[in-house]
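Residue-level structural notes
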Amino acid sequence: MRAEPVSAAPHSTRIRARLAERGLALPAVAAPVAAYVPAVASGHHVHTSGQLPFVDGALPATGKVGAEVAPEQAAELAAACCLNALAAIEALVGDLDRIIRVVKLTGYVASDPSFTAQPTVINGASELLGEIFGDAGSHARAAVGVAVLPLDAPVELDLLVELDGPAVPTD
């Protein structure tokens, strides 16, 4: 079964309020840059595709972390990736308040060969999830250094979340 995005307007009141308290808002769902969809539902879970740190449709920085991009900026970009992933989830299921657990975050850091602090960069996303979801935001994680990412983005991540019921109602 292929899950289709929910057509009703999103209404994630609790999670959107927590974002607003931090001066954040969910962006529009980033358009795929290749042949994939932003998120897929399977049972009570949603898997996102890799999300780049697009802000207003553009990458705010490109290059390798530890060379052209400072680790602190890369951590901020990881948080932007996380917001894009949450936007993709909300567009699919209609309400981020349905998330009962962030299960796994996989983060990829385009790294200068001498850069070894990938976990610190991905903390930008992990800490945001903890602030937004509390204990339900604690997750398993991988932080991987890679040679290059699509469009020369410094950071990319994907999420796996568990919902309070089937991701998309069946008829």
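Please read these numbers as outputs of a predicted model, since none were measured by experiment.

With that settled, the discussion passes to the overall build of the protein chain. Of regular secondary structure, the protein chain possesses 3 helices and 5 strands. Walking the protein chain from its N terminus toward its C terminus, one meets helices and strands in the order α-β-β-α-β-α-β-β. Computed over its C-alpha atoms, the radius of gyration of the protein chain comes to 15 Å, within 12% of the 16 Å expected for a compact globule of 171 residues. Along the three orthogonal principal directions, the C-alpha set of the protein chain runs to about 50 × 35 × 25 Å.

Another aspect to go through is the environment of asparagine 123. Relative to the helices and strands, asparagine 123 is located in helix 3 (residues 118-133). It is 26 Å that separates the C-alpha atoms of asparagine 123 and histidine 44, two residues lying 79 residues apart in sequence.

Charged atoms that come close allow side chains of opposite charge to pair. Counting across every chain of the model gives 5 salt bridges. Among the salt bridges present, the one from arginine 22 reaches glutamate 21, with a minimum N-O distance of 3.5 Å.

Looking at the element boundaries, threonine 106 is found in strand 3 (residues 99-110). In this structure threonine 106 touches Ala142, Glu156, Leu157 and Asp158, once residues within four positions along its chain are discounted.

All right, on to the environment of glutamate 162 then. In this fold, glutamate 162 is placed in strand 5 (residues 155-163). Owing to a relative accessible area of 26%, glutamate 162 belongs among the partly exposed residues under this scheme. Spatially, the C-alpha atom of glutamate 162 lies 9.7 Å from that of serine 42, the residues being 120 residues apart in sequence. Setting aside anything within four residues of it in sequence, one finds glutamate 162 in contact with His44, His45, Arg98, Ile99, Ile100, Arg101 and Val103.

With that settled, the discussion passes to the sheet that holds strand 1 (residues 39-42). Remark on secondary structure: sheet strands pair via backbone hydrogen bonds, oriented parallel or antiparallel. The sheet built from 5 strands is open, its strands ordered 1-2-5-3-4 with mixed pairing. The open sheet has two free edges, formed respectively by strand 1 and strand 4 (140-146), since each of these has just one partner strand. The sheet shows a mean angle of 15° between the axes of neighbouring strands, direction not considered. Both strand 1 and strand 2 (residues 45-48) contribute to a ladder of 4 bridges, which runs antiparallel. Bridge pairing links valine 40 to histidine 47 in strand 2. The strands touched by helix 3 are strand 3, strand 4 and strand 5; relative to strand 3, the strand with the most contacts, the crossing angle is about 160°.

What follows is about the packing of helix 1 (residues 13-21) against helix 3. It is the contact of helix 1 with helix 3, at a shortest axis distance of 9 Å, that shows an interaxial angle of 120°. In terms of orientation, helix 1 lies oblique with respect to helix 3. Handedness of the crossing formed by helix 1 with helix 3: right-handed. Only Glu131, Ile132 and Phe133 of helix 3 make contact with helix 1, whose side of the interface consists of Ile15, Arg18 and Leu19. In terms of residue class, the contact of helix 1 with helix 3 is built from 4 nonpolar, no polar and 2 charged.

Conventions used here
Counting starts from 1 at the beginning of each chain's written sequence and moves along it residue by residue. Only residues with pLDDT of 70 or above have their local features reported here, since the model is predicted, and side-chain atom pairs are shown and tallied only from 80 upward, although totals for entire chains, interfaces and linings are computed over all residues. Hydrogens and water are ignored here; the side-chain numbers use all heavy atoms of the structure. Numbering of helices and strands runs from the N terminus; a helix is a DSSP stretch of H or I covering at least four residues, while a strand is a stretch of E covering at least two. This radius of gyration counts C-alpha atoms alone. The globule rule is 2.2 Å times how many residues there are, raised to the power 0.38. The salt bridge definition used is simple: a Lys or Arg side-chain nitrogen within 4 Å of an Asp or Glu carboxyl oxygen. Contacts are assigned to residue pairs that have any heavy atoms within 4.5 Å of one another. Each residue's exposure class comes from its accessible area (1.4 Å probe, protein chains only) as a fraction of the maximum for that residue type: buried when under 20%, exposed when over 50%, partly exposed otherwise. A pair of strands is treated as paired once DSSP finds two or more bridges between them. Each axis is a line fitted through C-alpha atoms, and for a helix only the stretch in contact is used; angles between axes span 0 to 180 degrees, taken between their N-to-C directions. Relative orientations are named as follows: roughly parallel for angles under 35 degrees, roughly antiparallel for angles over 145 degrees, roughly perpendicular for angles from 65 to 115 degrees, and oblique for any other angle. For any helix crossing, the convention is left-handed if the near helix is rotated counterclockwise from the far helix by under a right angle, and right-handed if that rotation is clockwise. Note on residue categories: nonpolar means Ala, Val, Leu, Ile, Met, Phe, Trp, Tyr, Cys or Pro, charged means Asp, Glu, Lys or Arg, and polar means any other residue, Gly included.

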